[in-house]
Amino acid sequence: MDERIYSKNIIEFVTVSAEYCAFIERVPELEKEGFLDKITKILPLLYLKATLLTPEEPEEDGFSEKFVTESMYESIRENIESLLGEDDSYLEVFQNDMKYSETPIIANVSEALADIYQDLKDFISVYRMGNEPQMLEALYICFENFVTYWGQQLVNVLRALHNIRYTLDNDDECDDNCDCEHHHSHSDNYTDIFGHQQENGDILDKLNDDLD
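Residues numbered from 1 in each chain as written. Predicted model: local features only at pLDDT ≥ 70, side-chain atom pairs only at ≥ 80, totals over all residues. Heavy atoms only, no water.

Considering the side chain of T40
Let me state the cut-off plainly: The secondary structure listing takes helices from DSSP runs of H or I that are at least 4 residues long and strands from runs of E that are at least 2 residues long, numbered from the N terminus. Residue burial is assigned from relative accessible area. The probe radius is 1.4 Å, only protein chains are included, and a residue is buried under 20% of its type maximum, exposed over 50%, and partly exposed in between. Counting of polar contacts relies on pairs of N or O atoms within 3.5 Å, with two restrictions inside protein: one atom must be capable of donating a hydrogen and the other of accepting it, and residues adjacent in sequence are counted only when both atoms are side-chain atoms. We call two residues in contact whenever any of their non-hydrogen atoms come within 4.5 Å of each other.
Mapped onto the elements of the fold, T40 is located in helix 2 (residues 32-51). You can call T40 buried: its relative accessible area is 12%. A polar atom in the side chain of T40 sits 2.7 Å from the backbone oxygen of L36. At 2.9 Å, the side chain of T40 and the side chain of R165 are in polar contact. Look past the residues within four positions of T40 in its chain and what remains in contact with it is L158, L161, H162 and R165.

Here you go:
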C-alpha cells in the first residue's frame, strides 16, 4: 500500500470532496436556505483540506480519466442556477480579465460551483477505481488545478454566497418586526456539515487536529 495515497490529509480531502460532490448532486431536492447553510460550511473546509495536501509530481506523465461529461456539468450548473434564481449572478472584481476591464465582471455562482464539482468528481472517481499510479496522477492534477484555478474560484464564490446567505437571514428576521440592525445567535452547540450535533468546546480541538 502506497502511503502517499492513504495519508491522513489525503483521506480527509477525499472524504470532503466526496461529500461536496454528493451534496451538489442533491441540489434538486434542496430548499434555497438549506443549500446556502451547507455550502457556506463545506467550501471553507474543502479549501482547508486542499491546502494541507503536498502531493508528489508523478515520475511519468500520464492521462487521468475524465468522468464528468458536458451534459453532466450543464445539469449541475442549471440545477444550482434554478435554485438561486436572481442571486446566481454577482459582480466579481478578482479575475485576471479585470486588468482589461474598467468595470466589474458578472460571474455566476452556479458556474463556479460546477467547475469545482467537475475537478473533484473526476478526482474521486479515479480514486474509487483503486489503481494506485492513476490515483497519484489524479491527486496531483486535482491539487495543481486547485492552485491554478478552482481554489481561486472557491474563495471568490464564497464571498457571494456569504452575502446571499446573510442577506436572506437579515430579511427573515426583519420580517418579524425586529428593530435591531444586527443579529447574533448564541448556542452551546453547532451542527457540522454532515448534520451532526457538536459541542462548541470541540471546535478548537478539531482545528488543532487539522493544523497539526
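Thoughts on the packing of helix 3 (residues 70-84) against helix 4 (residues 109-129)
Packed helices, taken two at a time, are described by their axes: the angle between them and the distance between them. How we decide: A fitted line through C-alpha atoms represents every axis, and for helices the fit uses only the stretch in contact; the resulting angles, taken between N-to-C directions, go from 0 to 180 degrees. Helix crossings get a hand from a simple test, with the near helix turned counterclockwise from the far one by less than a right angle marking a left-handed crossing and a clockwise turn marking a right-handed one. Residue polarity follows a fixed list, in which Ala, Val, Leu, Ile, Met, Phe, Trp, Tyr, Cys and Pro are nonpolar, Asp, Glu, Lys and Arg are charged, and the others, Gly among them, are polar.
Two elements in contact, helix 3 and helix 4, have axes separated by 8 Å at closest approach and are oriented at 145 degrees. In this structure, helix 3 meets helix 4 at a crossing whose hand is right-handed. Contacts from M72, Y73, I76, R77, I80, E81 and L84 of helix 3 reach helix 4 at V109, S110, E111, L113, A114, D115, Y117 and Q118. Among the residues forming the contact of helix 3 with helix 4, the class breakdown is nine nonpolar, two polar and four charged.

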